[in-house]
Amino acid sequence: MQASVDEDRILIVGLGLIGGSLAAALRAAGFRGAIHSCDPNPDEIARGIEMGLIDGGDTRLEAVIDGATLVVLAVPVLAMESVMTQLASVIHRAAPGVVITDVGSTKAAIRDVARRAFGRVPPHLVLGHPIAGSEKSGVAAANPALYVNHKVILTPESDTDPAALARVRALWAACGAEVLEMDVVRHDQVLARTSHLPHLLAFSLVDTLARQDERLEIFRYAAGGFRDFTRIAGSDPVMWRDIFIANRDAVLASLDDFETGVGRLRRAVERGDGDAMLAIFDRASHARHYFESLLNQTSYQAEYQMQQHGKLRYRVTPGGGVTGRIRVPGDKSISHRSIMLGALAEGVTEVKGFLEGEDSLATLQAFREMGVAIEGPHQGRVTVHGVGMHGLKAPSGPLYVGNAGTAMRLFAGLLAGQAFDTELTGDASLTKRPMGRVADPLRLMGAEIDTAEGGRPPLRIHGGKPLQGITYDMPMASAQVKSCLLLAGLYAEGETRVREPAPTRDHTERMLAGFGYEVHREGDTCWLQGGGKLTAAPIDVPSDISSATFFLVAAAITPGSDLVLEHVGINPTRIGVINILQLMGADLRLTNEHEVGGEPVADLHIRYAPLKGIDIPVEQVPLAIDEFPALFIAAANAEGVTRLRGAEELRVKESDRLQAMADGLATLGVEHTLLPDGIDIVGGGNPEGANSSSPNYGGGRIDSLGDHRIAMSFAIAALRAGGEIVIDDCANVSTSFPGFIDLARRVGLSLDEERDEEGA
Ligand code: S3P
């Protein structure tokens with residue numbers, strides 16, 4: 001959206017590419033005021049007038065300053081001193097309330113110039129820098145689109161006049177630019193890294209090669225790589241000399257970092273250290289792709305962010321069938337652990353069936369940031385080049401784990417044992433979730449961890465603290481807490497023992513054993529001895545029973561359904577949903593049972609059979625903890641009441657799932673009573689006979705609260721709804737179940753995605 005520029009007379013000092021393009025962009029945006037220019041070269045002014053960009057101009061500032069309402073200094077950085085000094089002596093002739101801005105690529109040096117010229121940085125001077133340019137120069141190259149979708153960084157001082165700032169913002173917004181603010185020092189550091197250093201390298205590389213090959217013979221053969229890398233060496237030498245003089249300190253600091261990096265790579269090449277090279281290239285390659293997709297808005301994270309802005313909505317038509325044979329994506333819990341243990345192992349871990357969802361990808365990315373070379377994922381295959389128990393490197397910034405509670409809690413344990421400090425952050429939902437449950441016992445082991453208020457993320461973990469094994473009686477049945485402590489226990493002196501009040505998923509224990517690490521269990525307690533090592537082993541990730549659940553319930557409630565879900569993990573600590581559905585009367589059978597890499601799997605065959613309400617056995621609760629949102633939909637379609645107790649943990653998942661489901665059920669008109677630790681749901685049953693698909697409740701608009709499992713649960717609810725169900729805020733489905741929509745359509749649901757660009 002182009003903003004309007006409310007200036008009578010703009011004076012552009014310096015009519016080169018940048019100044020000329022500004023005039024061209026203003027004209028193209030319909031700016032009606034006068035544009036004048038001052039430039040030492042009369043030919044440039046004449047050309048600007050001829051091109052219709054400016055109304056007039058002169059080589060002397062005093063000849064064009066009268067009545068100017070906005071002065072833009074678009075001269076080279078080193079010319080700024082003399083231009084600002086002259087301007088200070090004539091500025092009183094400009095219009096009252098005149099605003100001054102500049103376009104210089106370095107800001108600290110220009111601020112110093114302003115202080116010398118004006119005695120201080122005047123409140124009506126707003127320093128700025130459009131991040132746009134080209135190797136071309138001069139007004140003849142002026143381009144009205146030069147600033148479209150480019151960033152302009154303004155670096156206001158604390159006493160800059162807000163009205164002046166707003167006018168400069170409006171100027172650039174009218175040219176189609178995105179206007180940002182930053183302080184001067186930060187600007188210079190950022191630009192040194194992102195612009196000045198690459199230019200310096202390009203100039204240097206071309207010069208070095210040119211010197212080595214006096215006849216420039218080599219350039220004849222210089223194709224893609226050379227051309228891509230050195231395009232910017234064709235830029236204006238004078239301008240760049242000025243920039244390197246003006247931003248000397250920040251450029252030298254970034255050059256030092258670069259030399260350290262090149263040194264590292266040089267040593268790897270010297271030693272023929274393929275793993276080290278692979279780690280560097282792999283990290284760089286992924287960082288580059290990530291960066292590119294951020295620019296193109298296609299990566300999983302960019303996509304995610306975009307979806308968060310343009311909220312994703314499901315619109316599900318009532319009715320539909322559930323038939324076929326499908327395979328849902330890989331298990332989330334096992335995928336997280338495959339990367340974690342693979343990274344800490346000695347040797348190369350080959351993973352098959354990895355879940356390419358945002359949660360497990362966040363774990364993968366975090367290990368890349370800690371120096372682990374990871375190839376893939378390519379169609380569920382990931383190769384992790386383990387660095388050993390003590391081979392992780394300090395990441396350069398906070399580790400962002402998005403929506404993934406599992407990642408944050410397991411990382412907490414693993415990182416408490418490292419020699420370096422780390423910070424763990426996540427998205428808005430994760431930031432509300434309790435982390436005291438891991439931070440407290442880790443502190444008992446000797447870890448030093450800071451949390452935000454109320455034990456919430458971010459977590460700041462201070463490395464280098466010796467850990468001691470403990471015996472911990474978990475106050476809640478949580479596999480994440482248990483796994484966190486076992487991972488910390490790998491680094492602790494002595495034994496780490498964890499007692500669980502009820503059995504929880506044991507993937508960590510199984511995988512540790514698969515990697516050759518002894519884990520003991522007796523009754524409700526498991527333990528391990530610190531100080532051992534992990535040996536890489538192949539991992540075959542089964543399909544996630546938690547994702548399969550949506551289709552199990554879909555089939556269980558829909559007359560005529562007949563569905564096979566292939567290769568689903570049926571670890572005994574995860575099969576609460578199978579047990580509960582069978583107790584409710586579902587026709588659900590397991591076939592082709594076998595074991596892959598220490599985890600049992602089976603094909604699940606489900607056909608419609610009328611369900612009845614039950615009292616859910618309390619020991620099944622931890623075994624079905626992620627499956628309750630979908631099971632509530634089963635309950636809404638059963639005959640009679642289904643009662644759940646002892647499930648207060650549901651209140652601290654990606655949303656308060658008891659409340660979120662109760663609200664959604666209320667919208668559909670399903671009778672229920674919400675309790676602090678559970679719910680009673682009165683099912684609609686099948687009043688018109690066992691094979692009738694008559695609706696059991698109405699349609700309506702549901703807020704999933706950004707919780708993937710709430711969104712998918714109400715999507716399948718539509719199979720027995722009397723009206724359309726619209727579900728808001730569904731982007732997070734891709735944290736655990738990429739491709740949900742396609743599979744849902746494939747089995748017979750009628751479901752559309754919509755994006756609301758304004759936000760729902
Ligand atoms: C998980 C454990 C469960 C589960 C989560 C994944 C794991 O959480 O809800 O989705 O991978 O260890 P709690 O252990 O906190 O119950």
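Values in this document were obtained by computation on a predicted structure and should not be read as measured data.

Turning our eyes to something else, we now look at the pairing of strand E28 (residues 599-607). Taking burial as the measure, the 9 residues of E28 include 8 buried ones, the bulk of the element. The sheet contact formed by strand E26 (residues 562-569) and E28 spans 6 bridges and is antiparallel. Counterpart to Leu563 in the pairing with E28 is Ile606. For strand E27 (residues 587-596) and E28, the ladder comprises 8 bridges, and the chain directions are antiparallel. Paired with Asp587 across the two strands is Arg607, which belongs to E28. In this antiparallel pair of consecutive strands, E27 and E28, the connection spans 2 residues, and Gly597 shows a positive phi of 45°.

This part takes up the site of the ligand. Every residue near the ligand is listed here: Lys332, Ser333, Arg337, Thr406, Arg409, Ser478, Ala479, Gln480, Arg505, Ile625, Asp626 and Lys653. Separating an oxygen atom of the ligand from a backbone N or O atom of Gln480 is a distance of 2.9 Å. The contact in question runs from an oxygen atom of the ligand to an N or O atom on the side chain of Lys653, over 2.6 Å. Isolated, the ligand exposes 390 Å² of accessible area, and the fraction of that covered by the protein chains is 95%. Comparing atom positions with the cavity grids shows the ligand to sit within the second largest pocket. Broken down by secondary-structure element, the contributors of at least two residues to the shell around the ligand are helix H13 (332-344), helix H15 (405-416) and helix H18 (479-490). Ranked by the residues each element gives to the shell around the ligand, the list is headed by H13, at 3 residues. When its residues are assigned to classes, the shell around the ligand shows 2 nonpolar, 4 polar and 6 charged. When residues of the shell around the ligand are assigned to domains, at least three map to each of domain 3 (312-326 + 542-756) and domain 4 (332-540).

What follows covers the packing of helix H20 (residues 545-557) against helix H24 (residues 708-717). Running from N to C, H20 and H24 cross one another at 20°; their axes reach a closest spacing of 9 Å. Relative to H24, H20 is oriented roughly parallel. Crossing angle aside, the handedness with which H20 passes H24 is right-handed. Side by side, H20 and H24 meet where Ser546, Phe550, Val553, Ala554 and Ile557 of the first sit next to Arg709, Met712, Ser713 and Ile716 of the second.

We now examine the UniProt feature "binding site: 3-phosphoshikimate" (unreviewed entry) in the protein chain. The positions that UniProt labels "binding site: 3-phosphoshikimate" (unreviewed entry) are, in the present scheme, Lys332, Ser333, Arg337, Ser478, Gln480, Asp626 and Lys653. Narrowing the list just given to those that line the second largest pocket leaves Lys332, Ser333, Arg337, Ser478, Gln480, Asp626 and Lys653. Excluding residues within four positions of it along the chain, Arg337 makes contact with Gly342, Thr406, Leu410, Ala479, Ser483, His507, Thr508 and Met511. Its location among the elements puts Asp626 in the loop between E28 and helix H22 (628-636). Sequence-distant contacts of Asp626, defined by excluding residues within four places in its chain, comprise Arg505, Ser546, Lys653, Arg657 and Arg709. At 3.1 Å, the side chain of Asp626 forms a polar contact with the side chain of Arg505.

Rules used throughout
- Residues numbered from 1 in each chain as written.
- Predicted model: local features only at pLDDT ≥ 70, side-chain atom pairs only at ≥ 80, totals over all residues.
- Heavy atoms only, no water.
- Buried < 20%, exposed > 50% of the residue type's maximum accessible area, 1.4 Å probe, protein only.
- Helix = DSSP H or I, 4+ residues; strand = E, 2+ residues; numbered from the N terminus.
- Pairing = 2+ DSSP bridges.
- Near = heavy atom within 4 Å.
- Polar contact = N/O pair within 3.5 Å; in protein donor to acceptor, adjacent residues only side chain to side chain.
- Areas by Shrake-Rupley, 256 points an atom, 1.4 Å probe, with all protein chains shown as cover.
- 1 Å grid on protein atoms, 1.4 Å probe; cavity = no way out; pocket = protein on both sides within 12 Å on 5 of 7 lines; lining within 4 Å.
- Sits in = over half its atoms within 2 Å of the grid points.
- Nonpolar A, V, L, I, M, F, W, Y, C, P; charged D, E, K, R; others polar.
- Domains from an automatic or database assignment.
- Axes fitted to C-alpha atoms, helices over the stretch in contact; angles between N-to-C directions.
- Parallel < 35°, antiparallel > 145°, perpendicular 65-115°, else oblique.
- Left-handed = near helix turned anticlockwise from the far one by under 90°.
- Contact = heavy atoms within 4.5 Å.
- UniProt positions renumbered as here; feature names shortened; annotations may be inferred.

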